[in-house]
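Structural description and commentary
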Amino acid sequence: MHKAGKGIWCTMLRMSKMGRARTRKTKQTAKTYGTVITYGTFDVLHIGHIRLLKRARALGSSLIVGLSTDAFNVLKHKEALQPYKERKAILESLRFVDKVIPEDSWEQKKLDVKKYGAAVLAMGSDWKGKFDDLKKYCRIVYLPRTKNISSTGVKKHAATKYIRNA
Ligand code: CTP
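Because the structure is predicted, anything quoted here is derived from the model rather than measured. (Residues numbered from 1 in each chain as written. Predicted model: local features only at pLDDT ≥ 70, side-chain atom pairs only at ≥ 80, totals over all residues. Heavy atoms only, no water.)

1. Some points on the sheet that holds strand 3 (residues 99–103)
Which entries qualify depends on this criterion: Two strands pair under a simple rule: DSSP has to find at least two bridges between them. Secondary structure is summarised from DSSP: a helix means a run of H or I of at least four residues, a strand means a run of E of at least two, and numbering begins at the N terminus for each. Helix axes use the C-alpha atoms of the stretch in contact, all axes being lines fitted to C-alpha atoms, and the angles between their N-to-C directions lie in the range 0 to 180 degrees.
Ordered in space as 3-2-1-4-5, the five strands form an open sheet in which the pairing is parallel. Of all strands in the sheet, those bounded by a partner on one side alone are strand 3 and strand 5 (139–143). Recorded for the sheet is a direction-independent mean angle of 25° between the axes of neighbouring strands. In this structure, strand 1 (residues 35–40) lies alongside strand 2 (residues 62–68), joined through six bridges in parallel fashion. The residue of strand 2 that forms the bridge with Thr-38 is Val-65.

Written out as structure tokens, the structure is:
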């Protein structure tokens, strides 16, 4: 073979090997799961929520948030400062949240998992073990809760400051 032709052939071979190696690497780092679903009230969005949502999203290729409605919060004995509509709009504006659906009962998780084809249910570690009965429908992941922050805490702290500054 002519010298120049041999050179081109070698370069092409090297490139195809590099391509194969790159494909292998992409396969290794590819997302393991599809849709991830999580639930919560997400009132006065704080860093604990952001970390939970980002980590939940990183488990798959899309993230659905089941957002507790105002009526469901009453059932849960939770008082949200922001109404459902505002909490929903805030979550929808996050790049790592793909869809927000209403959560209005404890029992809907199984149906949601089936309806949206969720491969993973991700919850904060404060819920550890509570949803293990759903293991037959999807993978259950409990993500570590961020320490020293909660919506209740933020609201209490803000109220104290507000009163002190008034
Ligand atoms: N979460 C978290 N870390 C925190 C607070 C919440 O990972 N510091 C997670 C929860 O475990 C849950 C989700 O965020 O999976 C939504 O929690 P939510 O109950 O809305 O937040 P809290 O701040 O705990 O609210 P509250 O004080 O009203 O209980």
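2. Here's the deal with the pattern of salt bridges
Pairs can form between side chains of opposite charge once their charged atoms are near each other. Selection rule: Basic side-chain nitrogens of Lys or Arg form a salt bridge, by our definition, when they fall within 4 Å of a carboxyl oxygen of Asp or Glu.
Using the criterion set out here, one finds seven salt bridges in the structure. Residue Arg-57 is joined to Asp-98 by a salt bridge in which the shortest nitrogen-to-oxygen separation is 3.1 Å. Of the two residues, Arg-57 sits in helix 2 (residues 47–58) while Asp-98 sits in the loop between helix 4 (84–92) and strand 3, which places them 41 residues apart along the sequence. The partner of Asp-126 in a salt bridge is Arg-145, with the nearest N and O atoms 3.0 Å apart. Pair noted here: Asp-126 is in the loop between strand 4 (118–124) and strand 5 and Arg-145 is in the loop between strand 5 and helix 6 (151–165), with a separation of 19 residues, a long-range link.

3. Notes on unusual backbone geometry
Here the phi dihedral of Phe-42 falls at roughly 50°; this positive angle occurs in a residue that is not glycine. With a phi angle near 35°, Val-44 is a residue other than glycine that sits in the positive phi range.

4. Considering the site of the ligand
Our working rule: By convention in these notes, a residue is near a molecule or strand provided one of its non-hydrogen atoms lies within 4 Å of it. Contacts described as polar in this section are N or O atom pairs within 3.5 Å, which, within protein, must combine one atom able to donate a hydrogen with one able to accept it, while residues neighboring in sequence count only if both atoms come from side chains. Computed with a 1.4 Å probe, the accessible areas rest on the Shrake-Rupley method; for each residue, only the protein chains presented here act as cover.
By nearness alone, 15 residues border the ligand, and Lys-78, Asp-126, Ile-149, Ser-151 and Thr-152 come closest of all. In this structure, Arg-145 approaches the ligand through a side-chain N or O atom, which is 3.0 Å from an oxygen atom. Against a free-state accessible area of 580 Å², the protein chains account for coverage of 92% of the ligand. Listed by contribution, the elements that provide at least two residues to the shell around the ligand are helix 2 and helix 6.

5. Some points on the pairing of strand 2
Note on strand geometry: in a regular strand, side chains alternate between the two faces of the sheet. As a reminder of what qualifies: We call a residue buried when its accessible area falls under 20% of the maximum for its residue type, exposed when it is over 50%, and partly exposed in between, using a 1.4 Å probe and counting protein chains only. Handedness of a crossover is defined as follows: orient the strands so they point away from the viewer, and if the path from the first strand over the helix to the second runs clockwise, the crossover is right-handed.
Counting buried positions along strand 2 yields seven of seven residues, so the element is predominantly enclosed. The alternating pattern of strand 2 places Ser-62, Ile-64, Gly-66 and Ser-68 and Leu-63, Val-65 and Leu-67 on opposite faces, both of which are buried. Tracing the backbone out of strand 1, into helix 2 and back to the parallel element strand 2 gives a crossover that is right-handed. Here strand 2 pairs with strand 3 via five bridges, running parallel. In the sheet register, Ile-64 faces strand 3, and the bridge partner there is Lys-99.

Just geometry here; none of it tells us what the structure is for.
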